[in-house]
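# Structure assessment
One letter stands for each residue in the lines below.
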Amino acid sequence: MENKRIAIIGGGINGLFLAWKLSQKGNDVTVFERKLGIGSKIVCSGLFSQRILEYIPQSRALIKNRIKSAVLHFPKKTITINFSKDFFVIDHSSLDKLVADLALKEGARITLDQSINTIPSGFDRVIGCDGVNSSARKFLGLPDPCFRLGLQVFSRKESLADFVETWPTKKGFIWKIPQGDKVEYGIIDDPGSARKTLEDFLGKNNIKTDGLEAKLIPQGLIIPVNEKMTLCGDAAGLTKPWSGGGVVWGLRAAEILVESYPDFLAYRRKVRRFFLPKIFMSKLTTKIGYFIGFKLPWLLPGRIKIESDFIF
C-alpha cells in the first residue's frame, strides 16, 4: 500500500488511536485538535469493558477500580445484572494522553489550538473525529444525528465498591459509579429535562456534589459515501443506544477503518454491516426492558447475567 498524507480532525480517543495505528503503517499523519491540550474537559463516565485492553493493552496501568455488576432500580423492582467480565474504571483524560504518546512515538504530529474552518488541504485522506458537533460532518453536508444530554457530577467520598447503580428514567437513566477516590453521579436523558431530573434525584437523596459538566450524546450512525473523507466515533453518531457509551464501539470502528484503509467506501460498508444490527438489537432490547421494568416489573427476575459489553 502506498503511504499517504492523512489529516485527522479531532484529538479525542478515536482520532488519537487512528493516528497511532495509521502511523504504524508508515503513513504521514497530522492530528488537528482545537483544544489547548489533550484530554482536557472530557465528560465521560470512564467505565470500560475489558475490550479496551484489546485495542490499548497499555491502558491496564490506568485501571482505578473493577466493576462486577450493575444494580437497576426501577420504581417497583430492583434487578442485579452480573457481568460475564469485569468492567474497568479508567480516567478518560489519562487514557487520551496515553494514546497521544503512543501516536507521537510512531511519528504522528499533533497540533493543538487548531480550529478547523474548512477541509484541510494538501492531504490524501481526511478523517473527522471531532465529536458530537463535528465540523467535518458539516463540511460533508451531512445531517446531525439525534442528541441526548449527558450530565456528570462528583461526590468526594471515597469508594471502591465493585458495582454501579442506575435509576432508569423515561428516556435514559441516572448512574452512580465508584471511582476509588470519588463517586461519580450522572444522567443521560432528554436535553430539556435532564438537569432537573438529576437535581431532583440528588436533592431527594441528600447527595452533595460538585463539578457539573455537560455533553451532548449523539445517536445515529452517519458514514459518508466519499472516497477521500470519512467520519469515526461521536462525529459519526456511533454510541450505544441505552448507555450512550461510545469508546469501545468507536475503537472497533477505527480498527475497521485501519484494516480497510485507504478504501473509505469499504470502511463504510463494513462498519454499517457490523454495527447496524447491534444498534437495532440494543434499541429493541432497551424498549422491551423499559416497558417491562416500568409496566410489568413482576415479570423481571431479580438477578441476570449478561455479556458485559452489550449495553454499556
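Residues numbered from 1 in each chain as written. Predicted model: local features only at pLDDT ≥ 70, side-chain atom pairs only at ≥ 80, totals over all residues. Heavy atoms only, no water.

It is worth spelling out the nonpolar core at this point. Core analysis: the biggest nonpolar cluster contains 59 residues, and Ile8, Leu18, Ile52, Ile56 and Ile127 have the highest contact counts within it. When residues of this core are assigned to their parent elements, the largest contribution, nine residues, is made by helix 6 (residues 247-260). Membership of the second largest hydrophobic core comes to 19 residues, among which are Leu47, Phe83, Phe173 and Trp242. (Core = buried A, V, L, I, M, F, W, Y, C linked by side-chain atoms within 4.5 Å. Buried < 20%, exposed > 50% of the residue type's maximum accessible area, 1.4 Å probe, protein only. Helix = DSSP H or I, 4+ residues; strand = E, 2+ residues; numbered from the N terminus.)

Quick look at a nonpolar patch on the surface now. On the surface, Phe280, Met281, Leu284 and Ile288 cluster together to form a nonpolar patch covering roughly 370 Å² of accessible area. Mapping methionine 281 onto the fold places it in helix 7 (residues 264-295). Judged by relative accessible area, methionine 281 falls into the partly exposed class, the value being 40%. (Patch = residues over 30% accessible without salt bridge, like charges linked within 9 Å, V, L, I, M, F, W, Y side chains within 5 Å. Areas by Shrake-Rupley, 256 points an atom, 1.4 Å probe, with all protein chains shown as cover. Salt bridge = Lys/Arg side-chain N within 4 Å of Asp/Glu carboxyl O.)

With that settled, consider the sheet that holds strand 2 (residues 28-32). Reading across the sheet, the five strands line up as 6-2-1-7-13 and stay open at both edges, with parallel pairing between neighbours. Each end of this open sheet is capped by a strand with a single partner; those strands are strand 6 (109-111) and strand 13 (229-231). Direction aside, neighbouring strands of the sheet carry axes that sit 20 degrees apart on average. Pairing between strand 7 (residues 125-128) and strand 13: three bridges, direction parallel. When the sheet's bridge partners are listed, glycine 128 is paired in strand 13 with leucine 231. Packed on one face of the sheet, helix 1 (residues 13-24) meets strand 1 (5-9), strand 2, strand 6 and strand 7 and runs near 170 degrees to strand 2. (Pairing = 2+ DSSP bridges. Axes fitted to C-alpha atoms, helices over the stretch in contact; angles between N-to-C directions. Contact = heavy atoms within 4.5 Å.)

Geometry only, nothing functional implied.
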